[in-house]
Every structure is written in C-alpha cells, then in structure tokens.
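# Structure at a glance
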Amino acid sequence: MSGMRLNKLIDEARMAAAGFLASRIPSSQHIQSNKVVLCAHHGAGYGCNPKYVAEALLRLAERPLDLVWLSRSYDPAVPSAIRQVRWGSVEAAKEWACATVWIDNARTRRYVRKKPGQFYVQTWHGCLSPKPLEADIEHMLSSTYIKGAKQDSKDADLFVCNNDFFEGVIRRSFYYDGPILRSGLPRNAALILPKADVQERVRAQLGVPEGTRLCLYAPTFRDDGNLDAFTFDFARCCQTLQQRFGAPFVFALRLHPNDAARSQHVAQAGIIDVSSYGDPMELLLASDVLISDYSSMIEDFALLGRPGYQFVPDADSFASTRGLYYDLESRPYPAARTEEELFDVILTTNDDLFRTKREAFFSQIGLDDDGKGDEAVARVILDVLRQGESN
C-alpha cells in the first residue's frame, strides 16, 4: 500500500471517529451566531479563497467573530485573531457542528450533518481551468467521491464564480442548482489589488537574492498519481531564462496539494521546494515567470501580465483520458510538449502576442474580476451572521 493511500485511510478513519463523537455534542451546544469555520485543501495550509474571505471578515466585521481555521498542523501564517483547530480532529467536527457558516474550497467529508440555520459557501479552488471536472469525468471518479460531491453540493448554499465559462461548468458538472455569486474570485485580490510588501516579503522568505528573478514551476496532479511528466532540466531552464530576460534566475517547485508530500521525487539540486507553502497566490505574486500545465494557476498568473509557459509533455494522453474543456493553444501562454520546445518558446515568444492572446482569452471566457471578491463574499457572510443573531 502506498504512503499516500495509507495517509488517506488514516484521515478517513480520524474524520469518521470525529463525526461520530461530534454527533454526541450536548443539545445545549447549538449553532453559535458569530462562528465561521474555514478550511482549504483538506487542511493543507492557510491559503486560497478561504484565507482571503477570512481576512476580509476581519476588516469588515462590526462585532467580534469567532473565526476558526482548520489545518493539519499549526500554521504561523494564520493571524492571531483566527483560532486554529486541527483538521480531522474531534474538535474540528464540533466546530463544524456549531458554526453558522462553513467556508471551503474543495469537497470535504465532514461527517457532521448540516443543520437548519447553517450556511455553506463553496469557493472552489480553481475558477478556470481546461481540466474537465466532476460530472464531466464521472467515469474516472470513484462512487465514494461522487456521493460525497453530490452531498457537498446539496449542502452548499452558495458557489462563487468570476467568469461566464466556469459558471456553466458549475451548472453542468457540479451537481448544483443553487445560487452563484458572480464576483471577483476572493484569492485574486492578492493579484489584482496586491499589498505593497507581499512580493518582497515572500522573496526574502524563500531566500531569493537581490537582483535575481524567480521562476515558479507549478504543475497540477495526474489522476493516476504519476510524477513522470513533471521532470525536465531545471538548471538549464534557469540558464535559458537568463538568456531571454538578461538577469539570473532561481527555480522554485510547487506540486499540487495532492502530490506535495512526494515533492522530493521531483526536486533537483539547487531548487527551492515550495510545495508546502500555504498560499500559492503569494508565490505567484513573488514570481517573475510561471511554468505550469493544465492548472488554473496559468489563468491566475495571466492576471499579473507576466510571462509564462505551459509544459505539457503528456498532452495527448491527458486529452484522450481526462479530456480538455478548451484547446491549450487558446490560453494566454505558449504550450511546449518537449523540453527542447520549452526552451525554444522561452527564447522566442513575442510579448505583444502574449498580450493579444491574454485579452482575447479573458474576453472569450467572460472574465469579470475587480479584485474585490473577498469583500463581496465577506458581506454575504456578514448578512447571514446578522440574520442568525436576530433569530
């Protein structure tokens, strides 16, 4: 049995036990009108949409809130105004059972039945990607996943979306027919309206020398768990980037949360492994160049107007098994199927062509994002909390 599969089974057992014990919570401990429980990627770290909603709640709330962040281990990045509780624990199940609002960015089996008066916001972690999802690849998913996804959508009171294309995906593929908030994606606040100090703080934390540029490589997971498509000559890539942009580069690797625990199998000498870094938006903001594949981080990074590339050596097999919602060539960044093609497009890509493709792509998918989605979602939640307080 693989370590990844064993860890998943341990998590399932822990959550089941936590749910059973939470069901024994005394009836006097009912829903608390100021409690919001947030989680991202099954407790993987402080990031994605829930992080930015939490921080917007801290800014906008007119009364004290009990904000609870669920994490697999203590995370120093979580503000002191937010309580940390271990994801998968009995305490986490109790927090879910007593909260007025749940916020998540992935399908999570809580083993806690949602009660009348509780409100669940699903802020899916990729609001635009060529990867087909859920009902569109149901033949590839386990019956357990499908059952959990349907229950999660049944529980959801609100989905969040920032473009026409993905709104259609939610309606068609996510087993959901409820309200969708059309606003900016909460996490895009970090890219569209960035805080002045984040880029330098993150670069200093990663040890990027002054005068050196950062290339981030962030591939998504493969359905079979294979890592073979992720490897190319990272050192030569930095040399090629230096030749193209006239400055030295360092290379950072971030695997998807599904693969992060195995990053040592992809890492090469001299690179910075940021697979455990909680907030990928901060990494994007700190990076001068992005290399990715079918991940929605491509579309996120394009918001910054910085150069990027798709490295897709398994494009044919990916398209024939999982499929693609749209052609990779329609995305803002050029696609390379081999290592040599990657280095060639780095040297030859025309910046004007990128800008033209970027605007055409955003127009094609109907992007509508002003960088204020964090506050738009927070205001909905604050209204829900006020209604709960008056009941």
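Below, the structure is looked at part by part. Everything numeric in this text was worked out from a predicted model, so none of it was measured.

### A short note on the sheet that holds strand β11 (residues 289-292)
Taken in spatial order, the six strands line up as β10-β9-β8-β11-β12-β13 in an open sheet, and their pairing is parallel. In this open sheet, the two edge strands, each paired with only one partner strand, are β10 (272-273) and β13 (335-336). Pairing analysis gives two bridges linking strand β12 (residues 308-311) to β13, with the strands arranged parallel. In the sheet register, Phe311 faces β13, and the bridge partner there is Ala336. With respect to the sheet, helix α12 (residues 339-348) is in contact with β11, β12 and β13, its orientation differing from that of β12 by roughly 165°.

### Observations concerning the packing of aromatic side chains
Evaluated as defined, the whole model comprises 21 aromatic pairs. A ring pair is formed by Phe165 and Tyr326, whose centres lie 5.5 Å apart and whose planes are at 75°; its orientation type is edge-to-face. In this pair, Phe165 sits in helix α5 (residues 164-173) while Tyr326 sits in the loop between α11 (315-321) and β13, placing the two residues 161 residues apart along the sequence. With a relative accessible area of 24%, Phe165 lands in the partly exposed category.

### Focus on the side chain of Arg203
Positionally, Arg203 belongs in helix α7 (residues 198-206). Residues within four places of Arg203 in sequence aside, it is in contact with Val208, Thr212, Arg213, Leu214, Ala286 and Asp288.

### Comments concerning the sheet that holds strand β4 (residues 99-104)
Taking strand neighbours across the sheet as the criterion, the seven strands line up as β3-β2-β1-β4-β5-β6-β7 in an open arrangement whose pairing is parallel. Each edge of the open sheet is held by one strand with a lone partner, namely β3 (83-86) and β7 (180-182). Across the sheet, the axes of successive neighbouring strands diverge by a mean angle of 25°, strand direction being ignored. In the packing of helix α2 (residues 48-60) onto the sheet, the strands contacted are β1 (32-39), β2 (66-71) and β4, and the crossing angle to β2 comes to about 160°.

### Quick look at unusual backbone geometry
Peptide bonds are trans in most cases, and residues, glycine excluded, mostly fall at negative phi. Phi at His42 is positive, roughly 55°, even though this residue is not glycine. Mapped onto the elements of the fold, His42 is located in the loop between β1 and α2. Overall, the relative accessible area of 28% leaves His42 in the partly exposed class. Although it is not a glycine, Glu134 adopts a positive phi angle of roughly 45°.

The rules we used
Residues numbered from 1 in each chain as written. Predicted model: local features only at pLDDT ≥ 70, side-chain atom pairs only at ≥ 80, totals over all residues. Heavy atoms only, no water. Pairing = 2+ DSSP bridges. Helix = DSSP H or I, 4+ residues; strand = E, 2+ residues; numbered from the N terminus. Contact = heavy atoms within 4.5 Å. Axes fitted to C-alpha atoms, helices over the stretch in contact; angles between N-to-C directions. Phe/Tyr/Trp six-rings, centres within 6.5 Å; stacked < 30°, edge-to-face > 60°. Buried < 20%, exposed > 50% of the residue type's maximum accessible area, 1.4 Å probe, protein only.

Everything listed is a geometric property; what it means functionally is a separate question.
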